[in-house]
Amino acid sequence: MSFEITIPRLGWSMEEGVFAGWMKENGDVIRRGDVLFELEGEKALQEVEALDDGILRIPTDGPQPGTVLKVGAVIGHLVTDGEASPQQSGSDVVSTATKTVEDAIAVDLTIAAIGGSPSVRRLARELGVNLANVQGTGSRSRVTEDDVHAAAATRGANGSRTTNLTEPATEIIATPRARRAAKRAGIDLRQLLGTGRNGRIRERDVVNAANSVGGSFGGSGGHRFVLSGRRKVIAERLAESHRQAVPVTLTSQVDATNLVSLRQQFKTAGESLVPAFHDIIVKLVAGCLRQEQLLAGRWDGDAIVLPGDNDIHIGLAVDTPEGLIVPVLRNVMKESLLNLAAESSRIIRKARDGRLSAAEMQDAVFTITNLGSFGIDAFTPVINFPETAILGLGTIRRQPVAGHDDRIEVRPMMTLSLTFDHRAIDGAPAAKFLQSVVAAIENPAARLLMAE
């Protein structure tokens, strides 16, 4: 008998996805667990595995990379040896011949703009923008939401909406930062003369234009920004955290002298990969979570699920052009620091390239977020629900401090901000955990040796 290969639901709100391409060839022998194809949902690119064994049959009219497909659409079959391939009507694939005018517009946009995410295509449909005429500024020339907003702004000052797919768009060469600045200031990029190479419009060109006309960012000529796609998902998750948790934030300063020295030793030793400060702290925090497991708990209904030693997976908040993403470092206790640093570098790079799979963002029991690179000392991190706590890292500053003999010394100091859910954790164990993290950071080498 044959088995249908269908489009799965990658997230609770997912209704459609973008087919990214087959990973196997027609006629290949497939085993359960083999990766069949890649599918892009709202948040990530996901490898979809086979649920059954068989020989892969891909219909000649099957979906091409970039095709939008509804959840549940049949795109192929797994058959037994000698079994004929089932006939496929192709009605599950989005087609301009069977859709209303609005759906046809969405499909044409999809076919013309392979690489734009579902949220970008929806935004383009809402604003009446033809993605075929939009030059992408994202990674690998992907069209971003900023590109769509900029294209919508260039259609004219009358604000009229059109769905004419043959209408040419004026080509504008501008940096992503310039496009974002123009959107905030309500500046028409077509009216600007770029000072960059080949006339490329830069952010300072937009700022100068805004100042010259007395404009201001967020002023009366501001742009209405509709939350969609990944930004909408982020907003919903933050709102859920606010509704569900009772957050309390504790802060504490830590002497980072030995932390800085340890990282410098890696540099001096000539290691090909030097762990970042957050890599070292992730490893130290994992050890502390073994002692205060409530901080590593996850809500499951009215219960708190505590992890085992081999289940301490720590999320690392990463800022990307499309919003904040939290890839997960798995089994932190079992990994060496150098292996952890390599994995951290890999998932951060994938996050910023928009190629994280859903599995690489799941099962974290604790999250670390770092605003130190922005010069921030202390802040209030938002709990990544259903986790019960999150640790914020501030910048490392050289500050005068009193030594044990009351002499004033200048040392690198860092502020830690721990937000915890007071429903699950009282102040005393949270404070004890923060003290443990401070002690670990102040003596990192010894703690890392103990963890081996």
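Please read all numbers here as calculations on a predicted model, not as lab measurements.

## Focus: the sheet that holds strand β5 (residues 45-49)
In space, the four strands of this open sheet follow the order β5-β4-β2-β7, with antiparallel pairing throughout. Strands with a single pairing partner mark the edges of an open sheet, and in this sheet they are β5 and β7 (68-70). Averaged over all adjacent pairs, the angle separating strand axes in this sheet is 45°, with direction ignored. Alignment of strand β4 (residues 35-40) against β5, held across five bridges, turns out to be antiparallel. In the strand pairing of β5, Phe 37 is matched with Val 48.

## Describing the sheet that holds strand β9 (residues 247-255)
Reading across from one edge, β9-β18-β17-β16-β12-β15 is the order of the six strands in this open sheet, with mixed pairing throughout. Taken across any chain shown, the strands that pair with only one partner, and hence form the sheet edges, are β9 and β15 (328-329). As paired elements, strand β16 (residues 366-370) and strand β17 (residues 389-402) share four bridges and run parallel to each other. Counted as the bridge partner of Thr 369 is Gly 392 from β17.

## Overview of the packing of helix α8 (residues 277-291) against helix α9 (residues 337-353)
In the contact formed by α8 and α9, the axes pass within 9 Å of each other and the chain directions differ by 120°. What the angle tells us is that α8 and α9 run oblique. Remark: the crossing between α8 and α9 carries right-handed chirality. Of the residues in α9, those touching α8 at His 278, Asp 279, Ile 280, Val 282 and Lys 283 are Leu 337, Leu 340, Ala 341, Ser 344 and Ile 348.

## Section: the confidence of the model for the chain
Considering every residue of the chain, the mean pLDDT works out to 81; 79% of them sit at 70 or more. Below pLDDT 50 for its whole length, residues 88-115 participates in 45 contacts with residues either more than four positions away or in separate chains. Note that residues 215-220 has pLDDT below 50 and, in this model, eight contacts with residues that lie over four places away or in other chains.

## A short note on the pairing of strand β6 (residues 54-57)
One face of the sheet, then the other: side chains in a regular strand alternate in exactly this way. The sheet contact formed by strand β3 (residues 29-30) and β6 spans two bridges and is antiparallel. The residue of β6 that forms the bridge with Val 29 is Ile 55. Examined bridge by bridge, β6 and strand β8 (residues 74-79) share three bridges and lie antiparallel to one another. Paired with Ile 55 across the strands is Val 79, a residue of β8.

## Brief notes about the pattern of salt bridges
Using the criterion set out here, one finds 13 salt bridges in the structure. One salt bridge in this structure joins Arg 355 and Glu 38, with 3.6 Å as the shortest N-O distance. Residue Arg 355 is located in the loop between α9 and β16, and its partner Glu 38 is located in strand β4; the two are separated by 317 residues in the primary sequence. Of the residues examined, Arg 355 reaches a relative accessible area of 35% and is grouped as partly exposed. Given the relative accessible area of 13%, Glu 38 is considered buried. Note that Lys 350 is salt-bridged to Glu 360, the shortest N-O span being 3.0 Å. Of the two residues, Lys 350 sits in helix α9 while Glu 360 sits in the loop between α9 and β16, which places them ten residues apart along the sequence. The structure contains a network of salt bridges with shared partners spanning Glu 343, Arg 346, Lys 350 and Glu 360.

## Regarding the side chain of Asp 255
Positionally, Asp 255 belongs in strand β9. Side chain to side chain, Asp 255 and Arg 411 meet in a polar contact 2.9 Å long. Apart from the residues lying within four places of it in its own chain, the contact partners of Asp 255 are Arg 411, Pro 412, Met 413, Ile 441 and Glu 442.

## Some remarks on the packing of helix α7 (residues 257-268) against α8
Where α7 meets α8, the axes come as close as 10 Å, and the angle between the chain directions of the two elements is 115°. Regarding α7 and α8, the two cross each other, and that crossing is right-handed. When α7 is examined against α8, the residues Leu 259, Val 260, Leu 262 and Arg 263 are found in contact with a partner set consisting of Phe 277, Ile 280 and Ile 281. Per-class residue counts for the contact of α7 with α8 are six nonpolar, no polar and one charged.

## Regarding unusual backbone geometry
In this chain, Phe 385 is followed by Pro 386 through a cis amide linkage whose omega measures 15°. By secondary structure assignment, the location of Pro 386 is in the loop between β16 and β17. At Asn 331, a position not held by glycine, the phi torsion is positive, near 50°. Within the secondary structure, Asn 331 is located in the loop between β15 and α9. Backbone geometry at Asp 406 places phi at a positive 70°, although glycine is not the residue there. With respect to the helices, strands and loops of the structure, Asp 406 is situated in the loop between β17 and β18 (408-421).

## Things to note about the nonpolar core
If you look at the biggest cluster of nonpolar residues, it comprises 52 residues, and the most contacted ones within it are Val 285, Phe 366, Ile 368, Leu 391 and Leu 416. Secondary-structure elements contributing two or more residues to this core are α7, α8, β12 (314-316), α9, β16, β17, β18 and α10 (427-442). Among the elements that take part in this core, α8 stands out by supplying eight residues, more than any other. Val 285 has contacts with Ile 314, Phe 366, Ile 368, Leu 391, Phe 433 and Val 437, leaving out every residue within four places of it along the chain. With 16 residues, the next largest nonpolar core counts Trp 22, Ile 30, Leu 56 and Ile 75 among its residues.

## Notes on the packing of aromatic side chains
Remark: the centre distance and the inter-plane angle together describe each pair of aromatic rings, the angle taken between the planes. Per the counting criterion, the structure on display carries four aromatic pairs. Their ring planes at 65° and their centres at 5.6 Å tell us that Phe 19 and Trp 22 sit as a pair that is edge-to-face. One exposure class covers both Phe 19 and Trp 22, and it is buried. Residues Phe 19 and Phe 37 carry aromatic rings whose centres are separated by 5.7 Å and whose planes lie at 35° to one another, so their mutual orientation is tilted. Of the two residues, Phe 19 sits in strand β2 (residues 16-22) while Phe 37 sits in strand β4, which places them 18 residues apart along the sequence. Accessibility expressed as a relative area gives 0% for Phe 37, which makes it buried. Its end group placed over the ring of Phe 277, Arg 263 keeps NZ or CZ at 5.1 Å from the ring centre.

What counts, and at which threshold
Residues numbered from 1 in each chain as written. Predicted model: local features only at pLDDT ≥ 70, side-chain atom pairs only at ≥ 80, totals over all residues. Heavy atoms only, no water. Pairing = 2+ DSSP bridges. Helix = DSSP H or I, 4+ residues; strand = E, 2+ residues; numbered from the N terminus. Axes fitted to C-alpha atoms, helices over the stretch in contact; angles between N-to-C directions. Parallel < 35°, antiparallel > 145°, perpendicular 65-115°, else oblique. Left-handed = near helix turned anticlockwise from the far one by under 90°. Contact = heavy atoms within 4.5 Å. pLDDT = per-residue confidence, 0-100. Salt bridge = Lys/Arg side-chain N within 4 Å of Asp/Glu carboxyl O. Buried < 20%, exposed > 50% of the residue type's maximum accessible area, 1.4 Å probe, protein only. Polar contact = N/O pair within 3.5 Å; in protein donor to acceptor, adjacent residues only side chain to side chain. Nonpolar A, V, L, I, M, F, W, Y, C, P; charged D, E, K, R; others polar. Core = buried A, V, L, I, M, F, W, Y, C linked by side-chain atoms within 4.5 Å. Phe/Tyr/Trp six-rings, centres within 6.5 Å; stacked < 30°, edge-to-face > 60°. Lys NZ or Arg CZ within 6 Å of the ring centre and 35° of its normal.

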